[in-house]
Amino acid sequence: MTDHKYVYEFSEGDASMKNLLGGKGANLAEMTGLGMPVPQGFTITTEACTQYYVDGEAINDSIKAEILGYVAKLEALTGKKFGDLDNPLLVSVRSGARASMPGMMDTILNLGMNDEVAERFAEKTNNPRFAYDSYRRFIQMYSDVVMEVGKSHFEKLIDEMKEARGVIQDTDLTAEDLKELAVEFKAQYKAKVGQDFPTDPVEQLFGAIKAVFRSWDNPRAVYYRRMNDIPGSWGTAVNVQSMVFGNTGDTSGTGVAFSRNPATGEKGLYGEFLMNAQGEDVVAGIRTPETIDQLRDENPEVYNQFVAIVDKLENHYHDMQDMEFTIEEGKLFMLQTRNGKRTAAAAFKIACDLVDEGQITSTQAVAMIDPKQIDALLHPQFDVAGLAAATPIGKGLPASPGAACGKVSFTAEDAAARGKKGEDVILVRLETTPEDIEGMHYAKGILTARGGMTSHAAVVARGMGTCCVSGLGDVSFAPGGQSFTLGGKTFTSDDWISLDGATGAVYGEQIGTVPAEISGYFGRIIGWADEVRTMKVRTNADTPADARQAREFGAEGIGLCRTEHMFFEGDRIAAIREMIVSKTVEQREAALAKLLPMQRGDFEGIYEAMEGFPVTIRLLDPPLHEFLPHDEDDIVALAAEMNLAVDDLKAVIASLHEFNPMMGHRGCRLDVTYPEIGAMQTRAIIEAAINVQKRHPEWNLVPEIMVPLVGEVKEFVFVKNIITSTADAIIAESGIDLKYLVGTMIEIPRAALTADEIAKEAEFFSFGTNDLTQMTFGFSRDDAGMFLDAYYDKKIYENDPFARLDQIGVGKLVKTAVELGKSTRPDIKLGICGEHGGDPSSIEFCQQVGLNYVSCSPFRVPIARLAAAQSALKAQQA
Ligand code: PEP
Ligand code: MG
């Protein structure tokens, strides 16, 4: 036997041991310590779960022996014994991870029963109905949870029995009926499992413990962890607790209650109970539970005792509690307490109320809110009843949050046309391209068959605050693209679909949505967050409208303006295409001259919207073929428009074609080959800044010009020279003293590794972790969705590295670049503008490595403000 301790009695633990005992176990221990009526038991630690996996999914002998030792202790404590006919020990077995996790193992109640125990139990309690009801429930739960024989097999037997007896309710079945059911259940077990139902309580116990450990890795739990940044290495604890019974008769009962309303946050007891019932009856909906205040009439003494316990627990945990209790023959027992799950609206109200009640400080209020919940406040959500009644027909990547419902639209033009008329449409595409921008704008939601979390659709939808599900490979388009099938159903432009951008679920029906609603509580929490935060929060915005939206959400500057996103609007696309097909420098300069005033105007609008806050504008990044048509009809039309032979245009398009993942002629390479592009963009940026500075002398504009995709200091120097020579001449002529910065994206591994050299020349770094992730992993950001699921299944990855920064690999490059950059330019300004800049766990990493700011899409700015505050608090504590 090792000296490592894997099991704790409730009286040995406390709430601070959550990592080891899981949330449920730590709180049972804490309540025991507070002298509350808790049926006693023990907790098998999360480390035992980890060890179970280390040992090849087996409980090793020394842990087994330790568990048996604690069974003996529990027997001594309760005076009951496993398998004893006069005084049998019956227990519940429940999972309990560090963070409460739906999707894991359900509870097993009444473990320890067998034929003899049930028979004597019936005699001793003088309540055979109760005894056999408990027994048949145990067989049913054990078969379902431990051996995965579906519940329905047993429910069918119950239904048949009720029909045979001519009764409607389960409660109308007699003791004899239930006894007979237990026999049928065991036969069903044997038929399905191929073995007799275990009669030995110890064998039952180890079966149940293993089932809990196994459930840690079931697909629902793994999915939930991925969505909530819970590492697989945490494991789950197992709680073994002596049974108390709510189903012994009319003076017994069971219930669940919250200390505040979990939907609205309103203070006051909120919950339900059922007399003469056990565990799952309350939630199963077979009988209608009573509201908790009716308990006052039922049993005022127990009610008052319960209210006092609830108050004590709230004042102790300083948070809303979610509790389970059982009344056994008039005596109250607490089975569980935990910080209750709540809606986003309730979360903000409760946190503010707790501050006002003097229970917590404003800093604690900031720390207690999950930043991801903010999504639910800023985006429309499904109507709860509608969602509950709907069944998903497919699941893609949760690319941009919110709920959307509309009729299917297959092209951007159609979506724009119908959207303008006020119709709700969902744009459904194989993937989106910059050309689709207008249709994306008018769509309520976007669904793509291809593309990952940083695909065009995902990034643009997030920027617009539009719901998007990407990478749903099961969508199969009919030839001609005027219908698609999913989940066995065919959809045309007359059919409704609904998307949940927070989970990736797609529904083949109309589900109502409720609009976003921001309360005053939200403003108070975010205000407190700003007081503790040390990193700035900027936004990725490409248009004045996005910039204004981001300012409303509190952005303190623009960390990335992708200039190419403006090129599809209005007349710009014609000028851009003219530039691309130019054969000489003169032709190209003439085309660029047409673009200059438009770009300058855009930049002025952005500077105005940002009211003097810093703005980083990036030079053109994508490969030029993105701006050219690819359909035959469009090519012919464009050739006519541009006075070109169709074949000549086709030759240009072919020469520019690139294969995924577009690692060719893009980024600063465009400026190396066509310096006039960088010169024009610099002119537009500097002239815009001068114009706006003149209009607003009270602002101090310092344009930040950013060079994308640098991998070698010499290429940066080459582009920087174009920028400085252009800018300096314009500034000298303008007569005002405008300062500006030239910096670079760090998005190529070689740039990170040579950051000391680059920092000698670059005045700021912005980590482009979308490309850096793509290039470090060596797979395309657009195609990763095709195989990531297999990687999750095989436990190779726990998360999508395009959504959550891979801190081990990509993070090492970021950290290296920070250190190298600071070694040659100690005051270098450091930020991140990849999509990770809006992800809470990645933001925490940015704080740890010492970035000055994070930049994210406008709708994620409030999330980033809260996450940055929490990161600062964690850094203070560390
Ligand atoms: C990046 O690569 O992280 C980035 C912000 O640039 P883009 O997504 O435009 O390539
Ligand atoms: Mg990039």
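Keep in mind the model is a prediction, meaning the values are calculated, not measured. (Residues numbered from 1 in each chain as written. Chains lettered and ligands numbered in written order. Predicted model: local features only at pLDDT ≥ 70, side-chain atom pairs only at ≥ 80, totals over all residues. Heavy atoms only, no water.)

Caption draft 1: Looking closely at the sheet that holds strand β30 (residues 829-832). On the basis of which strands lie adjacent, the closed barrel formed by 8 strands has the order β24-β25-β26-β27-β28-β29-β30-β31 and parallel pairing. Within this sheet the neighbouring strands show an average axis-to-axis angle of 25°, counted without direction. As defined by bridge partners, strand β27 (residues 704-707) adjoins strand β28 (residues 741-746) across 4 bridges and the pair is classed as parallel. Across the sheet, the residue bridging to Val 707 is Thr 744, located in β28. Contacts from helix α33 (residues 810-824) reach β28, β29 (764-767) and β30, with the element oriented near 180° to β29. Against the sheet, helix α35 (residues 861-877) engages β24 (536-540) and β31 (853-856), with an angle of about 155° to β24. (Pairing = 2+ DSSP bridges. Helix = DSSP H or I, 4+ residues; strand = E, 2+ residues; numbered from the N terminus. Axes fitted to C-alpha atoms, helices over the stretch in contact; angles between N-to-C directions. Contact = heavy atoms within 4.5 Å.)

Caption draft 2: View of the side chain of Thr 432. Within the secondary structure, Thr 432 sits in the loop between β15 (425-429) and α18 (437-442). A relative accessible area of 6% means that Thr 432 is categorised as buried. A polar contact is formed between the side chain of Thr 432 and the side chain of His 456, at a distance of 2.8 Å. Among the polar contacts listed, one links the side chain of Thr 432 to the backbone nitrogen of Ala 457, at a separation of 3.2 Å. Setting aside chain neighbours within four positions, we find Thr 432 in contact with Met 440, Ile 446, Thr 448, His 456 and Ala 457. (Buried < 20%, exposed > 50% of the residue type's maximum accessible area, 1.4 Å probe, protein only. Polar contact = N/O pair within 3.5 Å; in protein donor to acceptor, adjacent residues only side chain to side chain.)

Caption draft 3: How the structure looks around the environment of Cys 468. Inspection of the secondary structure puts Cys 468 in strand β17 (residues 467-470). For Cys 468, a relative accessible area of 0% puts it in the buried group. In this structure, the C-alpha to C-alpha distance between Cys 468 and Val 861, residues 393 residues apart in sequence, is 18 Å.

Caption draft 4: Local environment of the nonpolar core. The biggest cluster of nonpolar side chains holds 126 residues, and the ones touching the most others in it are Tyr 607 and Phe 765. Filtering out sequence-adjacent residues up to four positions away, Phe 765 remains in contact with Thr 744, Ile 746, Ala 755, Ile 758, Ala 759, Ala 817, Gly 821, Ile 828, Lys 829, Leu 830 and Gly 831. The next biggest cluster of nonpolar side chains, apart from the first, holds 67 residues, and it includes Ile 67, Tyr 70, Val 71 and Leu 157. (Core = buried A, V, L, I, M, F, W, Y, C linked by side-chain atoms within 4.5 Å.)

Caption draft 5: View of the coordination of the magnesium ion (ligand 2). Coordination sphere of the magnesium ion (ligand 2), protein contribution only: Glu 747 (OE) and Asp 771 (OD), at 2.1 Å. Placement of the pair is Glu 747 in the loop between β28 and α29 (749-753) and Asp 771 in helix α31 (residues 769-777), with a sequence separation of 24 residues. On the accessibility criterion, Asp 771 (3% relative accessible area) is buried. (Donors = N, O, S within 2.8 Å, 3.2 Å for Na, K, Ca; no water.)

Caption draft 6: A look at the packing of aromatic side chains. In this structure the tally under the stated criterion is 29 aromatic pairs. Note on Phe 382 and Tyr 507: the rings are 5.9 Å apart at their centroids and 80° apart in plane angle, and the pair reads as edge-to-face. Of this pair, Phe 382 sits in strand β11 (residues 381-382) while Tyr 507 sits in strand β22 (residues 505-507), and the two are 125 residues apart along the sequence. Assessed through its relative accessible area of 8%, Phe 382 is described here as buried. Their ring planes at 75° and their centres at 6.5 Å tell us that Phe 410 and Phe 477 sit as a pair that is edge-to-face. Note that Phe 410 is positioned in the loop between β14 (403-409) and α17 (412-420) and Phe 477 in strand β18 (residues 476-477), a separation of 67 residues in sequence. Among the aromatic residues, those joined into a ring-pair cluster are Phe 777, Phe 779, Phe 787, Tyr 791, Tyr 797 and Phe 802. (Phe/Tyr/Trp six-rings, centres within 6.5 Å; stacked < 30°, edge-to-face > 60°.)

Caption draft 7: Main features of the side chain of Asp 375. Looking at the secondary structure, you find Asp 375 in helix α15 (residues 374-378). No salt bridge is formed by the buried Asp 375; the nearest opposite charge belongs to Arg 860, separated by 6.0 Å. Setting aside residues no more than four positions away along its own chain, Asp 375 makes contact with Gln 381, Pro 401 and Ile 863. (Lys, Arg positive; Asp, Glu negative; His and termini not counted. Salt bridge = Lys/Arg side-chain N within 4 Å of Asp/Glu carboxyl O.)

Caption draft 8: Just the pairing of β14, in detail. Most of β14 sits out of view: 6 of its 7 residues are buried. Examined bridge by bridge, β14 and strand β21 (residues 496-500) share 5 bridges and lie antiparallel to one another. For Cys 405, the partnering residue across the bridge sits in β21 and is Ser 498. Note that β14 and β15 share 3 bridges and pair parallel. Bridging across to β15, Ser 409 finds its partner in Leu 427.

The analysis is restricted to geometry; functional conclusions fall outside its scope.
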